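Overview (structure and organization)
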Amino acid sequence: MNQYIWLIPILPLAGFIINGLGRNSLSKNVIGFIGSLLVLVSFGLSLAVFFQIKSTGAPVNVTYFNWFSVGALKIPFAFLVDQLSSIMLLIITGVGFLIHLYSVGYMHDDKGFGKFFAYLNLFVFFMLLLVMGSNYLIMFIGWEGVGLCSYLLIGFWYTNPSYADAAKKAFIMNRIGDLGFLLGVFLIIYAFGSIEFATIFPKAATMKVGSAPFFTITILLFIGAVGKSAQLPLFTWLPDAMAGPTPVSALIHAATMVTAGIYMIARSNIFYTLSPDTMEIVAIVGLATALFAALIALTQTDIKKVLAYSTVSQLGYMFLGLGVGAYTGAFFHVLTHAFFKALLFLGAGSVIHAMGGEQDMRKMGGLKGKIKVTFVTMLIGTIAISGIPPFSGFFSKDEILAHAYAHSTTFYVIGVFTAMLTSFYMFRMLYLTFYGKFRGTHEQEHHVHESPASMTIPLIVLAILSIVGGFVGVPEVLGGHHELEHFLAPVFEKSNAIMGEHHLLASTEYILMAFSVGVALVALIYAYIKYAKNGSVPVADGEERPALTSISYHKFYIDELYDLLIRKPLDFLSTFFYNVVERLGIDGLVNGLGKGTIETSKGLRLLQTGNVGFYIFVMVLGIIAVLAYSIFGLTK
């Protein structure tokens, strides 16, 4: 199987080339078939590699050629597929295929159908490159590639200025994080003389905790992860990324881009384990982001914005897990989140499709009897993300919360409070969308219909995965063996040896689980009473809101704050440099010299009269001047 792993990323790249070149000549059915089939075949190959690694326990490391050498630094073009990356391959290609299949129906009437599928295939290619690279340079190429694809897909409908602005915002904010990542890679080269994972990680494992280079390296890499995975303060691009078509949102949020930061830190786990200060920062930033995004999601009325802020919040949970040393738990949540978040976004797309493009939940309601498949599958996704057993989100989220409790009671309390908010705003979304009376127009009500099979089949598959996906990580206290933990053990072995194992009493684990499930159920019931039973509906945009509700609805005015503190000062400096430095200074000097030369030339031109007598007179004056200088100059 080793000799075929290069096909895993190449097949989606071939789809990009074929669909890109044939976007105007191939039929939509052919484009959709090619784009989806190649990702499906890539999934089949990923599955074969996964089972090979599961049976042998040995990673696959294939070097294709020596990319370049600079002195003692040698960087090969090589792929590494181990326990960690094999699961990522299944997520990217498996969930990616379902999103491609869904897109066949969702984008069928769009004029840019071929271009859209070409971009989707390219997105999958770069994400596969990111997780398969055997060194930080190949990872960085994939890292930049998914940034490019996010720009292309978020701004897919670029004729709308606000959508184009959202794409530029995502691109620019990610560049900030990418600079940190790149500087971190340079520092790794300086400290270790290599960027090959197989070389630097064993070498790092022999060094002491808190050794000099690790804090700076991990902070710089973390800055990259903050940008890519939308954490405070670089999180505002992700909610605006909803400007792209809904399948793009599902791909970005569930299977590709935003999980890149989690994967990078999990891959670099030994560096972070050796820098406890950075781990504390990672945990605090993740926890703050989880809470902050959840508070914003409480009051949003756009169905996709609710899901966008829920993604930011769930990513915060993953970073909390990484920060408290729950590497397996954080990656477990990446896995379960891929299932239920893809399901929720595609379900939201089905609702929007049924509503003729409407995304405002205030204009929905009463849809559960009209789009039953969409309702049932979204209900499953909502239960899963809320952490209610036995659905997948319960197992992964509670593992993170258990490690947070062992690390800090404060972290645990904030984490559970955030889980309660998650349950509330997700069931609020569900009740506003599917319960009560229909609040849209008569035309919208007449238009409501269930989505085609190409859209509902992926929903059903993802719903099943959202139910059973958590059983790969059932903890021992519940009678399981946590298969995922055992499978990933070689990846985190050195870090776990340094941190040491910590076990909670079984009674403590039961209490923690019961408490987190209890608060989720309380939030669910409160949301039901308020929005389903009493029929409460958020006020219209022009109406007055309570102060705290208004602050949450306007996202704590973060965009306005950035506008005031960053954009306007930069605009002022740009205007100053243009008007004063550029126009008056540089242009004034250059143009002044030019004008001076022109005016001087105009004066000297007057000496050219064409009169021979005048020329003789000037010549005589010149001779007299030379003689005078010679005589008087010599006498001195």
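First, a word on what this report is: a plain description of the structure on this page. Computed from a predicted structure; not experimentally measured.

**Some details on the overall build of the protein**
Each helix and strand counted, the protein has 25 helices and two strands in total. Its C-alpha atoms give the protein principal-axis dimensions of roughly 115 × 65 × 55 Å. Of the contacts formed within the protein by residues at least 6 apart in sequence, a portion of 81% connects residues at least 24 apart. Carbon and sulfur atoms form 69% of the exposed surface of the protein, whose accessible area is close to 26800 Å². With 37 positive and 34 negative side-chain charges, the protein shows a separation of 7 Å between the mean positions of the two kinds.

**Some points on the packing of helix α14 (residues 303-323) against helix α18 (residues 409-434)**
Where α14 meets α18, the closest approach of the two axes is 11 Å, and the angle between their N-to-C directions is 160 degrees. Between α14 and α18, the crossing angle belongs to the class labelled roughly antiparallel. In the crossing of α14 with α18, the sense of the turn from one axis to the other is left-handed. Within the contact between the two elements, α14 uses Ile303, Val306, Leu307, Ser310, Ser313, Gln314, Tyr317 and Leu320 and α18 uses Phe411, Gly415, Thr418, Ala419, Thr422, Tyr425, Met426, Met429 and Thr433. Of the residues belonging to the contact of α14 with α18, the class tally is 10 nonpolar, seven polar and no charged.

**A word on the packing of aromatic side chains**
Applying the stated criterion across every chain yields a total of 41 aromatic pairs. Each ring, one from phenylalanine 113 and one from phenylalanine 117, has its centre 4.8 Å from the other, and the planes form 40 degrees; the classification is tilted. Of the two residues, phenylalanine 113 and phenylalanine 117 both sit in helix α4 (residues 113-132), four residues apart, roughly one turn of that helix. You can call phenylalanine 113 buried: its relative accessible area is 1%. Relative to tyrosine 435, the ring of phenylalanine 375 lies with its centre 6.0 Å away and its plane at 65 degrees, an arrangement referred to as edge-to-face. Of the two residues, phenylalanine 375 sits in helix α16 (residues 372-385) while tyrosine 435 sits in the loop between α18 and α19 (442-447), which places them 60 residues apart along the sequence. Residue classification places phenylalanine 375 among the buried positions, given a relative accessible area of 11%.

**Some words on unusual backbone geometry**
Negative phi values dominate among residues other than glycine, just as trans dominates among peptide bonds. Leucine 232 connects to proline 233 through a cis peptide bond whose omega is 0 degrees. The omega angle of the peptide bond from proline 389 to proline 390 is 0 degrees, so this bond is cis rather than trans. Assignment of secondary structure puts proline 390 in the loop between α16 and α17 (392-407). Phi angles above zero are rare outside glycine, and alanine 230 is one such case at about 55 degrees.

**Some words on the environment of threonine 93**
Considering the arrangement of structural elements, one finds threonine 93 in helix α3 (residues 83-106). For the pair threonine 93 and proline 12, spaced 81 residues apart in sequence, the C-alpha to C-alpha distance is 9.4 Å. Setting aside its immediate chain neighbours within four residues, threonine 93 contacts Val39, Ser42, Phe43, Ser46 and Leu128.

**Side note on the nonpolar core**
With 189 residues, the main nonpolar core has Tyr136, Trp237 and Phe271 as its most contacted residues. Of all the elements, helix α15 (residues 327-354) adds the most residues to this core, at 18 residues. Setting aside residues up to four positions removed in sequence, tyrosine 136 forms contacts with Phe181, Val185, Ile188, Ile195, Phe197, Ile200, Phe201, Leu221, Ser268 and Phe271. Counting residues in hydrophobic clusters, the runner-up holds 16 residues, among them Leu287, Leu320, Ala326 and Ala404.

**Let's talk about α3**
Along its 24 residues, α3 runs 34 Å from first to last C-alpha, staying within 8% of the 34 Å computed at 1.5 Å per residue. Within α3, 22 of the 24 residues are buried, which leaves it mostly tucked inside the rest of the structure. The backbone nitrogen of leucine 84 has a side-chain oxygen 3.2 Å away, supplied by the residue at the start of α3, namely aspartate 82.

**So, the environment of serine 408**
Mapping serine 408 onto the fold places it in the loop between α17 and α18. Separated by 182 residues in the primary sequence, serine 408 and valine 590 have C-alpha atoms spaced 64 Å apart.

**A look at the side chain of threonine 311**
Summarising the element assignment, threonine 311 is placed in helix α14. A distance of 2.7 Å separates a polar atom in the side chain of threonine 311 from a polar atom in the side chain of histidine 253. Beyond its immediate chain neighbours, meaning those up to four positions away, threonine 311 contacts Leu238, His253, Val258, His337, Lys341 and Phe345.

**A closer look at the packing of α3 against helix α21 (residues 483-499)**
One way to put it is that α3 packs onto α21 with a least axis distance of 8 Å and a crossing angle of 125 degrees. Between α3 and α21, the crossing angle belongs to the class labelled oblique. Residue-level contacts link Gln83, Leu84, Ser86 and Ile87 of α3 to Leu484, Phe487, Leu488, Pro490, Val491 and Phe492 of α21. When grouped by side-chain class, the residues that make up the contact of α3 with α21 number eight nonpolar, two polar and no charged.

**Focus: the environment of glutamate 358**
Along the chain, the position of glutamate 358 falls in the loop between α15 and α16. Here glutamate 358 falls in the buried class, since its relative accessible area comes to 17%. Once the C-alpha coordinates of glutamate 358 and glycine 369 are considered, the two residues, 11 residues apart in sequence, prove to be 18 Å apart. If we skip the residues at most four places from it in the chain, glutamate 358 touches Ile352, Lys363, Met364 and Gln444.

What counts, and where the lines are drawn
Residues numbered from 1 in each chain as written. Predicted model: local features only at pLDDT ≥ 70, side-chain atom pairs only at ≥ 80, totals over all residues. Heavy atoms only, no water. Helix = DSSP H or I, 4+ residues; strand = E, 2+ residues; numbered from the N terminus. Contact = heavy atoms within 4.5 Å. Areas by Shrake-Rupley, 256 points an atom, 1.4 Å probe, with all protein chains shown as cover. Lys, Arg positive; Asp, Glu negative; His and termini not counted. Charge placed at Lys NZ, Arg CZ, Asp CG, Glu CD. Axes fitted to C-alpha atoms, helices over the stretch in contact; angles between N-to-C directions. Parallel < 35°, antiparallel > 145°, perpendicular 65-115°, else oblique. Left-handed = near helix turned anticlockwise from the far one by under 90°. Nonpolar A, V, L, I, M, F, W, Y, C, P; charged D, E, K, R; others polar. Phe/Tyr/Trp six-rings, centres within 6.5 Å; stacked < 30°, edge-to-face > 60°. Buried < 20%, exposed > 50% of the residue type's maximum accessible area, 1.4 Å probe, protein only. Core = buried A, V, L, I, M, F, W, Y, C linked by side-chain atoms within 4.5 Å. Expected span 1.5 Å × (residues − 1). Polar contact = N/O pair within 3.5 Å; in protein donor to acceptor, adjacent residues only side chain to side chain.

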